[in-house]
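The residues making up each chain are set out below.
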Amino acid sequence: AMLKASAPADALSLNSANSAAAAGLRVVRSYERSADGAALVLRFNLTNGGRSPVEVGAVGLAMPESPGHPPAGIESVVWNDAHVGGAHGWVEFVRVVGDEATLLVTPADRISSPLEAWRPMMEDLGGGDAYEWVVASAAWAAEWANNTQWPHLAMSDSLKQQYPPFATDPETPWPTTDGKRAMPRLAASGGGAARPWVDPTTLLLRPGETSSIALRLQLAEAGPRTRDAALAKMGSAVLRAVPGYVLSPHLPGTLFVRPPAGASVSTARADPPSGADTATLDATLRAPLPSGFVPVRLTAAGYGEVRLRVAFSDGSEALAHYYVLPPFERQVAALGAHLADVAWLPREYPDPFGRSASVMPWDRSICPYSGEPCGHVLNDARAYDAGLSDDAGGGNP
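The rules behind each value
- Residues numbered from 1 in each chain as written.
- Predicted model: local features only at pLDDT ≥ 70, side-chain atom pairs only at ≥ 80, totals over all residues.
- Heavy atoms only, no water.
- Helix = DSSP H or I, 4+ residues; strand = E, 2+ residues; numbered from the N terminus.
- Contact = heavy atoms within 4.5 Å.
- Areas by Shrake-Rupley, 256 points an atom, 1.4 Å probe, with all protein chains shown as cover.
- Buried < 20%, exposed > 50% of the residue type's maximum accessible area, 1.4 Å probe, protein only.
- Pairing = 2+ DSSP bridges.
- Phe/Tyr/Trp six-rings, centres within 6.5 Å; stacked < 30°, edge-to-face > 60°.
- Lys NZ or Arg CZ within 6 Å of the ring centre and 35° of its normal.
- Polar contact = N/O pair within 3.5 Å; in protein donor to acceptor, adjacent residues only side chain to side chain.
- Axes fitted to C-alpha atoms, helices over the stretch in contact; angles between N-to-C directions.

### A few points about the overall build of the protein chain
Summing up its helical and strand segments, the protein chain has five helices and 27 strands in all. Contacts in the protein chain between residues at least 24 apart in sequence constitute 56% of all its contacts with a sequence separation of at least 6. As displayed, the protein chain has an accessible area near 20400 Å², and 55% of this comes from carbon and sulfur atoms.

Here it is in structure tokens:
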């Protein structure tokens, strides 16, 4: 059985396979001013007060969003976005409208407090959504590999009826965005949810030992457009991908890396393929630019997810997550076949808005009433998702 224990305000959660040993843990939370006076430091000290070593399977700190979703109350909505980058990971909170105030969260200690996983908190937390900054994730990863997550380890009959309102026989405990269907199985042998972006770890505490987990919270001075400059001031590496984090064999890319202050780039290498993923990246370091960024030239091959590791002279490591597409010829052929044979709305279709004989958005998820893909999206509560030639309609096949 898994032990779930919480510090005050559910700020930190612990999971251990040995509940008796975990009962000897002492958790002390503190708030501090950073040494440079520019940030708030949130710290948790975990002390093993028992006589035996304790291995903690998962440790996480809640990162809640503001309650509510647009359009209602949009003036008060704050959304977050995470880069699951390990020692140089970060979370960005941005007020959606108004002054676009931006709060950044980074590890105050890159060794003890990496962003190892970004866990959706499925516990009952009241209003609003929350994710967890997970610094040790092995216990969660073991569940994710089986398409489960505590407290939803299995879909009981009562759960199917009460939360969430899934179809009769959902394949996984994960709801889709409309809350009416379950997500398909994400874990596969050696890939998907069975292969997290950051290697899962545990936290081992010997008798009397204390581990300090600390996060640095600091405002970006002029909103989200100054995020990278703020990250550099906070001591984090800055990564910029050109043209982006999706590449193909016909589309080489460059990752521009600004090392943390006082450090230099030592190496850049991609992890070998695993499971169904065959993607590889050949990384070549170039000379540093006057701006302080170091270009890393990337050539892609294969297909699927691949992780690039950038090591620095201070011993830390930044992670960049890439997805490699098949060659353009295959991509264009597959898209063309989809548009012509699947997403095309026939001319004879009696559409009252005259959208027949056109490419329409296509919903590939399985509808519960038919057991088939939901098909053409002809109406939607969001005004533009069922239109033509706009960012959510014409750009959504």
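### With respect to the pairing of strand β11 (residues 130-136)
Across the seven residues that make up β11, a large majority, six, are buried. Pairing of strand β6 (residues 58-64) with β11 involves six bridges; the strand directions are antiparallel. Paired with L61 across the bridge in β11 is W133. Bridge count for strand β10 (residues 117-120) against β11 is four bridges, and the pairing is antiparallel. Residue W118 lies in a different strand from β11, and its bridge partner there is W133.

### Here we look at the packing of aromatic side chains
If you walk through the whole model with that rule in mind, you get three aromatic pairs. Between R119 and the ring centre of W140, over which it is positioned, the NZ or CZ distance is 3.9 Å.

### Quick notes on unusual backbone geometry
The linkage connecting V242 with the following residue, P243, adopts the cis geometry, with an omega of 0°. If you trace the backbone, P243 turns up in the loop between β16 (238-242) and β17 (246-247). Of note in the backbone geometry, E100 takes a positive phi value of approximately 55° without being a glycine. With respect to the helices, strands and loops of the structure, E100 is situated in the loop between β8 (90-95) and β9 (102-107). Here the phi dihedral of A357 falls at roughly 55°; this positive angle occurs in a residue that is not glycine. Position of A357 among the secondary structure elements: in the loop between β24 (344-345) and β25 (358-359). Judged by relative accessible area, which is 22%, A357 ranks as partly exposed.

### Description of the side chain of H83
Mapped onto the elements of the fold, H83 is located in strand β7 (residues 78-83). In terms of polar contacts, H83 uses its side chain to reach the backbone carbonyl oxygen of L319, at 3.2 Å.

### Overview of the sheet that holds strand β21 (residues 294-301)
Taking strand neighbours across the sheet as the criterion, the four strands line up as β16-β18-β21-β20 in an open arrangement whose pairing is antiparallel. Here the strands that pair on one side only, and so sit at the sheet edges, are β16 and β20 (280-285). Averaged over all pairs of adjacent strands, the angle between their axes in this sheet comes to 25°, without regard to strand direction. Bridge count between β20 and β21: six bridges; the pairing is antiparallel. By the bridge assignment for β21, L281 is matched with A300.

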